[in-house]
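# Fold and contact review
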Amino acid sequence: MTDIAGIQTAIDRFMQSDMRGALLPLLHALQEEFGHVDPAAVPLIADALNLSRAEVHGVISFYHDFRTEPPARHVVKLCRAESCQSRGGAAIEAQLSHQLGVAMGHSRKDGQVALEPVYCLGLCAIGPNALVDDRPVARIDSARVVAIGNEVEA
């Protein structure tokens, strides 16, 4: 259920800082507090910042890190940049998808895990890489795929 009052309180608290160009920082703050940017927040944000709903929605939908639904309990972000791809990233993606039981870019129906693409983690020399619940994991091979699967199932 959408907590409109909580969203409005968070927006009001953030707006006291009188920050210019506040849309992105506000969206990050809401996502940090609620785990996602609820679509019900769009008109509240637009009103607070004197923007159109379309402008706010456009920013949310443009940036891949903003979520409009609560995240899965565990999020695995696999690097799909060229360096990781050249080190076997496609095979690792297939193994992870199979091990986790979820396709790239989706969450499992039970809400336990999501597998998401990310484009460069800056660990190019030690790829393929991933973020498992925001923790970097480098040099992913078949054994690490199994370990990631075991970790998110625990």
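Nothing here was measured: the structure is a model prediction, and the numbers come from that model.

Helices and strands together make up the secondary structure of the protein chain, namely seven helices and five strands. Tracing the protein chain from N to C terminus, the helices and strands come up as α-α-α-α-β-α-α-β-β-β-β-α. Dimensions of the protein chain, computed from the C-alpha atoms along their principal axes, are close to 50 × 30 × 25 Å. Evaluated residue by residue, the protein chain yields a buried proportion of 38% over its 154 residues. Looking at the protein chain alone, contacts between residues at least 24 apart form 57% of all its contacts between residues at least 6 apart. Carbon and sulfur atoms provide 53% of the accessible area of the protein chain, an area that totals close to 8900 Å². Here the protein chain holds 13 positive side-chain charges and 19 negative ones, and the gap between their average locations is 7 Å.

As a further point, take the packing of helix H2 (residues 23-34) against helix H4 (residues 53-62). The N-to-C vectors of H2 and H4 enclose an angle of 65°; their axes lie 11 Å apart at closest approach. Here H2 runs over H4; the crossing is right-handed. Between H2 and H4, the contacting residues are Leu 23, Leu 24 and Leu 27 on the first element and Val 56, Val 59 and Ile 60 on the second. Here the contact of H2 with H4 is composed, by residue class, of six nonpolar, no polar and no charged.

Strand order in the open sheet formed by five strands is S2-S3-S1-S4-S5, with mixed pairing between adjacent strands. Each end of this open sheet is capped by a strand with a single partner; those strands are strand S2 (106-107) and strand S5 (135-137). Note that S2 and strand S3 (residues 113-118) share two bridges and pair antiparallel. Bridging across to S3, Ser 107 finds its partner in Ala 114. With respect to the sheet, helix H6 (residues 89-100) is in contact with strand S1 (74-79) and S3, its orientation differing from that of S1 by roughly 165°.

In this section: the packing of H6 against helix H7 (residues 142-153). Taken N-terminus to C-terminus, the directions of H6 and H7 make an angle of 30°; their axes are 10 Å apart at the nearest point. With respect to each other, H6 and H7 are oriented roughly parallel. Handedness of the H6/H7 crossing: right-handed. Along its contact with H6, which presents Ile 92, Gln 95, Leu 96, Gln 99 and Leu 100, the element H7 presents Ser 142, Val 145, Val 146, Ile 148, Gly 149 and Val 152. Across the contact of H6 with H7, the residue classes break down as seven nonpolar, four polar and no charged.

Reading the values: the criteria
- Residues numbered from 1 in each chain as written.
- Predicted model: local features only at pLDDT ≥ 70, side-chain atom pairs only at ≥ 80, totals over all residues.
- Heavy atoms only, no water.
- Helix = DSSP H or I, 4+ residues; strand = E, 2+ residues; numbered from the N terminus.
- Buried < 20%, exposed > 50% of the residue type's maximum accessible area, 1.4 Å probe, protein only.
- Contact = heavy atoms within 4.5 Å.
- Areas by Shrake-Rupley, 256 points an atom, 1.4 Å probe, with all protein chains shown as cover.
- Lys, Arg positive; Asp, Glu negative; His and termini not counted.
- Charge placed at Lys NZ, Arg CZ, Asp CG, Glu CD.
- Axes fitted to C-alpha atoms, helices over the stretch in contact; angles between N-to-C directions.
- Left-handed = near helix turned anticlockwise from the far one by under 90°.
- Nonpolar A, V, L, I, M, F, W, Y, C, P; charged D, E, K, R; others polar.
- Pairing = 2+ DSSP bridges.
- Parallel < 35°, antiparallel > 145°, perpendicular 65-115°, else oblique.

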